[in-house]
Amino acid sequence: MASQLGSMLTKLGNLSTSDHASVVSINLFVALLCGCIVIGHLLEENRWVNESITALLIGVCTGVVILLTSGGRSSHLLVFSEDLFFIYLLPPIIFNAGFQVKKKQFFRNFITIMLFGAIGTLISCSIITSDGQGNGVMQFFSKLGIGSFDMGDYLAIGAIFSATDSVCTLQVLNQDETPLLYSLVFGEGVVNDAASVVLFNAIQSFDLTHINLRIAFQFIGNFFYLFFASTMLGVVTGLLSAYIIKTLYFGRPSGSIDWTGICCFPWFLLTQMRILMHSTDREVALMILMAYLSYILAELFYLSGILTVFFCGIVMSHYTWHNVTESSRVTTKHAFATLSFVAEIFIFLYVGMDALDIEKWRFVSSTPGTSVAVSSMLLGLVLVGRAAFVFPLSFLSNLVKKNPTEKISLRQQVIIWWAGLMRGAVSVALAYKQFTSSGHTQLRTNAIMITSTITVVLFSTVVFGLMTQPLIRFMLPHSKHTTSMVFSDSATPKSFAVPLLDSTHDSDADMGHGFPRPSSLRMLLATPSRSVHHYWRKFDDAIMRPMFGGRGFVPFVPGSPTERSASPLP
């Protein structure tokens, strides 16, 4: 009995020590997050460094300090987990991107974005795996003596290094200064991340050891099915949230207002404020939960949660956001932006600290030349793979565009190619999923792939990320002055001041097709009189907005914020 009691006390002591160590690690990590935010703010005006690179470098430096203080046993506070990344960190970033994106610019370039994001991912994956002449990873790995990989592993490597870093793109490109580039690069980045994950999951579900033409067609068909189904799930979830909030309209007081208490004005005002505060809580909670539900449903049905939550964000910004009260609009706008901002910093700090994981580097310490060769080869294939689809697909996109101002110039193509070279946490998470078990590996070849992936991510993020903004200023020196006002979109939550102050119908310019009004015969011939956007707005105003709400179709309640926002400004 005494021995059992002693054993129990020992276990409790070990558990208490473990809990205390976890608390210490979390405290240090939160302190580092605060430090990244402060340093990033101080470097805000620096044209070379952004908050993503700052967090990454701080993470690496912290890993070095921990490695030295622990005597070479560990270099991180938390072990990298792909589940933590995909389930908790990535959804708020991608949702906020869709929620804040300028929809006119995005859908004006929708075909090009889909070409780059979907077809481009397939091209890049095939180039990285093999270019048909034995010059991909299959040939290089055999020359370097890295074996034990099957066809599924090689295709998985192609999918891993085809995933661009859409998170870092948010930091290096400005939506107001370069709207076309931001729309193309970031839109392609989100679709590319989704396509890479879909492609990676499709590779896992197929037996590719004996591939033939039938399996290849099934594989490509499954890829596009997952792509389309994920998009539709996001749209349906966003529309459902808009319909629920429009129908219930939490801003409406339950029951009729008792105007007999108006004589006691302070009490009457306090009661109405309580009602509105409760409505704000419910509206914000429902929007956040419905957004996250779209991602979890996609994972439940084995679809792409990235694509689902992105289009859910676009739909919710177009319909749901305009159905809530004024205070809820301000709250959701800042809540989604804050969650996305913290998650971005967390990811880069997380990856930076895990870059020096001694367990993986111990396997490659005996053959550093092999690791450097693999990293260099993968980086070269990333450069070639991206160039293989950016320039040809840009040429095809320009062929179908009649308006010269919408065509992608060669300088813009170079920037699109360069800005999409960064690899980030999606590549790291997919590499861990393919080559480790619960974040650990005991195989030399798997350890080489993990360390090479981390090396490519660090090099591409720091070097390519540092050079992107100077490259834009060099290639497009007048972009800030010539484009920031042309493509403004006041209907997005990011520019929330106008919708909050004026909830009336869109202006004529907003109702139009997005092109300047022709003022001469030459402009009339060069500018189409009708576009897809024009017919979509007619359909949207006639059918969608009356059913799901949106700007100009907000429920009207006397005394509510809607009435005050709809009143003319003095």
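What you see is a predicted model; the values in this text were computed from it and never measured. (Residues numbered from 1 in each chain as written. Predicted model: local features only at pLDDT ≥ 70, side-chain atom pairs only at ≥ 80, totals over all residues. Heavy atoms only, no water.)

Colleague: Can you tell me about the overall build of the protein chain, naming the residues and giving the values?
Modeller: Within the protein chain, the secondary structure is distributed over 24 helices and zero strands. Split into buried and exposed, the 570 residues of the protein chain put 51% on the buried side. Looking at the protein chain alone, contacts between residues at least 24 apart form 82% of all its contacts between residues at least 6 apart. Carbon and sulfur atoms form 69% of the exposed surface of the protein chain, whose accessible area is close to 26400 Å². (Helix = DSSP H or I, 4+ residues; strand = E, 2+ residues; numbered from the N terminus. Buried < 20%, exposed > 50% of the residue type's maximum accessible area, 1.4 Å probe, protein only. Contact = heavy atoms within 4.5 Å. Areas by Shrake-Rupley, 256 points an atom, 1.4 Å probe, with all protein chains shown as cover.)

Colleague: Describe the pattern of salt bridges, listing the residues and the values that go with them.
Modeller: As enumerated under the stated definition, the model contains three salt bridges in all. In this structure, the salt-bridge partner of Arg386 is Glu188, at a minimum N-O distance of 2.8 Å. Note that Arg386 is positioned in helix H15 (residues 368-399) and Glu188 in helix H9 (residues 179-205), a separation of 198 residues in sequence. Looking at Arg386, the relative accessible area reads 1%, which means it is buried. Exposure remark for Glu188: the relative accessible area of 0% places this residue in the buried category. The residue Asp540 makes a salt bridge to Arg545 at a minimum N-O spacing of 3.0 Å. (Salt bridge = Lys/Arg side-chain N within 4 Å of Asp/Glu carboxyl O.)

Colleague: Just give me the short version of the environment of Val342, but keep the residues and values in it.
Modeller: In this structure, Val342 sits in helix H13 (residues 326-354). Spatially, the C-alpha atoms of Val342 and Ile37 are 8.8 Å apart, while their sequence positions differ by 305 residues.

Colleague: For the side chain of Thr121, give the residues involved together with the corresponding values.
Modeller: By secondary structure assignment, the location of Thr121 is in helix H5 (residues 110-129). Among the residues examined, Thr121 registers a relative accessible area of 0% and is labelled buried. For Thr121, the side chain forms a polar contact with the main-chain oxygen of Gly117, separated by 2.4 Å. Aside from chain neighbours lying at most four places away, what touches Thr121 is Phe116, Ser162, Asn192, Ala195, Ser196 and Leu199. (Polar contact = N/O pair within 3.5 Å; in protein donor to acceptor, adjacent residues only side chain to side chain.)

Colleague: Summarise the packing of aromatic side chains; cite the residues concerned and give the values.
Modeller: Within this structure, the stated rule accounts for 28 aromatic pairs. Ring centres 6.0 Å apart and planes at 70 degrees place the aromatic pair Phe106 and Phe110 in the edge-to-face group. Ring centres of Phe106 and Phe310 lie 5.5 Å apart, and the angle between their planes is 65 degrees; on these two criteria the pair is classed as edge-to-face. On the criterion of sequence distance, the pair formed by Phe106 in helix H4 (residues 103-108) and Phe310 in helix H12 (residues 305-323) is long-range, its members being 204 residues apart. Accessibility expressed as a relative area gives 1% for Phe106, which makes it buried. For Phe310, a relative accessible area of 0% translates into the label buried. (Phe/Tyr/Trp six-rings, centres within 6.5 Å; stacked < 30°, edge-to-face > 60°.)

Colleague: Quick rundown of the packing of H15 against helix H18 (residues 444-475)? Include the residues and the values.
Modeller: At their nearest, the axes of H15 and H18 sit 9 Å apart, and the two run at 55 degrees to each other. Of the possible angle classes, the one that applies to H15 and H18 is oblique. Here H15 runs over H18; the crossing is right-handed. Counting all contacts with H15, which are made through Thr370, Ser371, Val374, Ser375, Leu378, Leu379 and Leu383, the residues of H18 involved are Arg444, Ile448, Met449, Thr451, Ser452, Thr455, Val456, Phe459 and Phe464. (Axes fitted to C-alpha atoms, helices over the stretch in contact; angles between N-to-C directions. Parallel < 35°, antiparallel > 145°, perpendicular 65-115°, else oblique. Left-handed = near helix turned anticlockwise from the far one by under 90°.)

Any functional reading would require information beyond the geometric quantities listed.
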